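Notes for the structure review
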Amino acid sequence: MIYLFISKGVCCIPILGFKATTTLVYLPQNLEIRGLIRESPIPVTRCKYNIHQQADKVAVLLSQIVNRQALKKSLNVALDEGFVRLHSTILQSLVKDYKIYLDWMESKGILECDPRYSEGNYSKAYRLGDVYRGRRIKGYVVTDKVLVKKLQTGYIDDKTKKKYPELCNDLMDLELEDFNAAINDSTSKRMRKIAQKAVADDIKEEIRKKGNKSKYKNLPPKLFKIAKKGLVQEKINSWQNSLAKINDKQFYFKQDQTSFRLHTSAVSIKKELRKHLRINGQRLVACDIKNSQPYFSTGLFLNPGKFKTTIEHYIKGYQGTKLDWVHHAVHNMLGKFESNYLADSTRKYIELVSSGQFYEFMAKELQKLNGKARSREEAKQAVFDVLFCPPRFKKLTGRKVMKKHFPEVLRFFTLINYGYTKTKSQSNGKIHQGNFLARVLQKMESQVVLDIICKQIKSKLPEIPLITLHDGIATTIGNQYQVQQIMKVELEKFVGKPPIIEIEWEKWGIGRYP
């Protein structure tokens with residue numbers, strides 16, 4: 001059965017009579033592709049006289065923008081201005097003469113190319129045109145047989161599937177209990193509030209980074225309200241697109257080669273909407289590693305010999321450069337840690353993290369800086385700023401607290417990331433060093449979750465379905481305690497301290513185990 005969004009309430013209605021050789025992509029509801037082609041023909045030689053086939057190609061190419069926004073959960077809709085990078089190899093695999101179609105779409109204002117593009121460094125970035133941004137999305141039925149086959153195959157990376165066949169099979173069993181209910185939930189009052197807060201945070205971050213160049217800072221109230229409303233809708237569109245991809249069985253399954261995290265259709269689902277997921281009709285619940293990034297960082301102090309190679313993989317580029325001293329300093333500290341020579345402050349850091357009290361401690365200390373009470377989530381964000389921002393950002397409040405209470409920890413983190421001076425958005429398209437510390441921690445996470453825990457579970461209990469969520473593993477209700485126990489045992493062996501594994505009943509809409 002095929003579903004289409006209708007504009008009022010963004011709900012779905014079933015469309016009967018279509019053959020199984022059709023599939024859906026999701027586009028702005030005010031976009032009428034065939035009408036635009038009739039007004040202004042696309043200068044192509046292939047399918048020159050077939051408007052329907054041309055329209056399908058436009059729809060599929062354009063849907064890649066909506067898809068990328070859904071997959072990139074960290075996308076700041078205000079700071080990135082809606083731009084997402086589209087890789088030419090992917091576009092060409094879908095439509096051979098894609099450049100002609102992109103040029104035509106640019107000329108008609110359907111999409112816009114980021115003028116900050118730097119040839120030879122990154123793929124071009126595109127966004128929907130001004131008329132179409134911030135609009136609700138609708139299903140567009142693709143009928144071209146070649147395109148349908150490509151889309152129905154999904155985005156399963158062959159190398160990743162070969163490496164993790166059981167996990168790929170479990171993902172492809174994923175379904176939604178009720179697609180209409182999930183879509184309606186995504187536009188509920190609760191989810192709109194979440195989208196509004198996320199957009200407010202995005203705008204705040206955009207103003208902080210761009211200052212007087214911010215497009216939102218001095219915007220008149222009426223225009224600001226309109227702009228914010230559009231950004232909120234973009235957030236909701238990305239959530240709905242992720243749900244629709246699972247409903248249409250267009251799965252994404254690929255391990256990146258930077259941090260080796262496994263990116264899947266399940267990961268892209270907004271966590272508040274994951275309660276709608278099922279496997280063979282059964283409800284799911286996740287076993288989550290609490291304080292996961294700080295927790296994995298303790299392994300660098302407790303088991304430095306185990307992770308020395310991982311660190312060296314990233315910092316070896318410092319050798320023979322002006323940062324050669326940094327390379328030596330990192331290895332000197334690793335040698336100290338291997339001899340179990342840890343500062344008292346570092347031992348305190350390890351205990352706070354392993355006991356699950358680290359963020360609460362940071363919240364109290366952050367409050368002492370300016371008297372402003374901080375929530376656990378705000379403290380967590382302050383810690384993430386320290387872990388994931390360039391070390392030159394010395395005025396970060398979290399950094400000040402870490403320097404006072406955990407100086408050895410902060411110095412070690414700073415040394416690993418010493419060459420990380422600019423974020424990707426600040427590099428203006430030039431080659432730059434990424435966040436080595438984040439990559440080390442995420443590689444540790446992916447190694448233990450994918451290559452140790454999941455393989456252990458699948459070898460002992462092959463009937464248990466597993467859906468990985470980076471620092472957590474979801475399974476069907478009734479199997480959660482077995483998964484939790486294996487996670488505890490393997491993580492303690494891997495890191496050196498027992499973890500706190502929380503079974504997320506409430507987050508998966510269950511409340512408590514029945």
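All residue numbers here refer to positions counted from 1 along the written sequence of the relevant chain. Confidence filtering applies because this is a predicted model: local features only for residues at pLDDT of at least 70, side-chain atom pairs given and counted only at 80 or more, and all residues used for totals across whole chains, interfaces and linings. Side-chain metrics in this entry use all non-hydrogen atoms of the structure; hydrogen atoms and water are not considered.

Geometry of aromatic contacts follows a simple scheme: Phe, Tyr and Trp rings, the Trp one being its six-membered ring, pair when their centres are within 6.5 Å, and the pair is stacked under 30 degrees between planes, edge-to-face over 60, tilted otherwise. Taken as a whole and assessed by the stated rule, the structure comprises 18 aromatic pairs. The interplanar angle of 40° and the centroid separation of 5.8 Å between the aromatic rings of Tyr-314 and Phe-436 together place this pair among those described as tilted. Linking Tyr-314 in helix α13 (residues 304-315) with Phe-436 in helix α20 (residues 436-460), this pair joins segments that are 122 residues apart in sequence. For the ring pair Phe-337 and Phe-412, a centre distance of 5.2 Å and an interplane angle of 85° mean the geometry is edge-to-face. Within this pair, whereas Phe-337 is found in helix α14 (residues 324-338), its partner Phe-412 is found in helix α19 (residues 407-416), the two being separated by 75 residues in sequence. Counting from the N terminus, the helices are DSSP H or I runs at least four residues long and the strands are E runs at least two residues long.

What follows concerns the pairing of strand β6 (residues 125-128). Where strand β4 (residues 84-85) meets β6, 2 bridges bridge the pair, whose relative direction is antiparallel. Bridged to Arg-85 within β6 is Ala-125. The pairing criterion for strands is at least two bridges between them, as found by DSSP. Relative to β6, strand β5 (residues 111-113) runs antiparallel, the two sharing 3 bridges. Bridging across to β6, Leu-111 finds its partner in Leu-128.

Non-glycine residue Asn-280 carries a positive phi angle of around 50°. The topology assignment puts Asn-280 in the loop between β12 (277-279) and β13 (282-289). A residue is classified by how much of its surface remains accessible, and Asn-280, at 57% relative accessible area, is exposed. In this structure, His-470 is a non-glycine residue whose phi angle is positive, near 65°. Within the element layout of this structure, His-470 appears in the loop between β14 (467-468) and β15 (472-476). For every residue, the accessible area (1.4 Å probe, protein chains only) is compared with the maximum for its type, and the residue is labelled buried under 20%, exposed over 50%, or partly exposed between those bounds. According to the relative accessible area criterion, His-470 is buried, its value standing at 16%.

Below, the discussion takes up the packing of helix α12 (residues 292-302) against helix α15 (residues 344-354). In helix packing, the relevant descriptors are the interaxial angle and the interaxial distance, both defined with respect to the helix axes. Close contact between α12 and α15 brings their axes to 9 Å; oriented N to C, the two are set at 140°. When the interaxial angle is binned, α12 and α15 end up oblique. Between α12 and α15 the crossing geometry is left-handed. Across the interface between the two elements, Pro-294, Tyr-295, Ser-297, Thr-298, Phe-301 and Leu-302 of α12 pack against Thr-346, Tyr-349, Ile-350 and Val-353 of α15. All amino acids are sorted into three groups, where Ala, Val, Leu, Ile, Met, Phe, Trp, Tyr, Cys and Pro are nonpolar, Asp, Glu, Lys and Arg are charged, and the leftover types, Gly among them, are polar. Among the residues making up the contact of α12 with α15, the classes are represented as 7 nonpolar, 3 polar and no charged. Whenever a helix is involved, its axis is fitted only over the stretch in contact; in every case the axis is a line through C-alpha atoms, and angles between N-to-C directions fall within 0 to 180 degrees. Angular relationships are summarised with four words: roughly parallel below 35 degrees, roughly antiparallel beyond 145, roughly perpendicular across 65 to 115, and oblique for the angles in between. Note on convention: the crossing is left-handed when the near helix lies turned anticlockwise from the far helix by less than a right angle, right-handed when the turn is clockwise. In what follows, a contact means two residues having at least one pair of non-hydrogen atoms within 4.5 Å.

All right, on to the state of the cysteines then. Note on disulfides: each one is a pair of cysteine sulfur atoms within 2.5 Å. Counted under the stated rule, the structure contains 0 disulfides. Counting only cysteine sulfurs, Cys-287 is the nearest neighbor of Cys-454, a cysteine outside any disulfide, at a range of 11 Å. Note on Cys-454: relative accessible area 2%, which makes it buried.

Here we come to the pattern of salt bridges. Salt bridge, as used here, is a side-chain nitrogen of Lys or Arg placed within 4 Å of a carboxyl oxygen of Asp or Glu. All chains considered together, the criterion is met by 25 salt bridges. A salt bridge links Asp-288 to Lys-290; the nearest nitrogen and oxygen atoms lie 3.9 Å apart. For Glu-351, the salt bridge goes to Lys-497, with nearest N and O atoms at 2.8 Å. With a gap of 146 residues between them, Glu-351 in helix α15 and Lys-497 in the loop between α21 (480-495) and β16 (501-503) connect regions that are remote in the sequence. Under the relative-accessibility criterion, Glu-351 is labelled partly exposed at 41%. Salt bridges sharing common partners tie together Glu-81, Glu-112, Arg-127, Asp-130, Arg-133 and Lys-210.

Counting buried residues along β15, 5 of its 5 residues qualify, which places the element largely inside the surrounding structure. The pairing of β13 with β15 spans 5 bridges and is classified as antiparallel. Residue pairing in the sheet places Val-285 in a bridge with Thr-475 of β15. In terms of strand pairing, β14 meets β15 through 2 bridges, oriented antiparallel. Bridging across to β15, Thr-468 finds its partner in Ile-473. Joining the antiparallel neighbours β14 and β15 is a turn of 3 residues, in which His-470 adopts a positive phi near 65°.

Let's shift gears to the sheet that holds strand β8 (residues 155-156). Pairing in this open sheet of 3 strands is mixed, and the strands run β8-β10-β11 from one edge to the other. Strand pairing shows two members of the sheet lacking a second neighbour, β8 and β11 (262-264), which therefore form its edges. In terms of strand pairing, β8 meets strand β10 (residues 252-255) through 2 bridges, oriented parallel. Looking across to β10, one finds that Tyr-155 is bridged to Tyr-252. Of the strands in this sheet, β8, β10 and β11 touch helix α7 (residues 165-172), which is tilted by about 155° from β10.

Moving on, we come to the sheet that holds β4. The strand order across the open sheet built from 3 strands is β4-β6-β5, with neighbouring strands paired in antiparallel fashion. Unpaired on one side and paired on the other, β4 and β5 mark the two borders of the sheet. Packing against the sheet, helix α4 (residues 98-107) makes contact with β5 and β6, and its axis sits at approximately 105° to β5.

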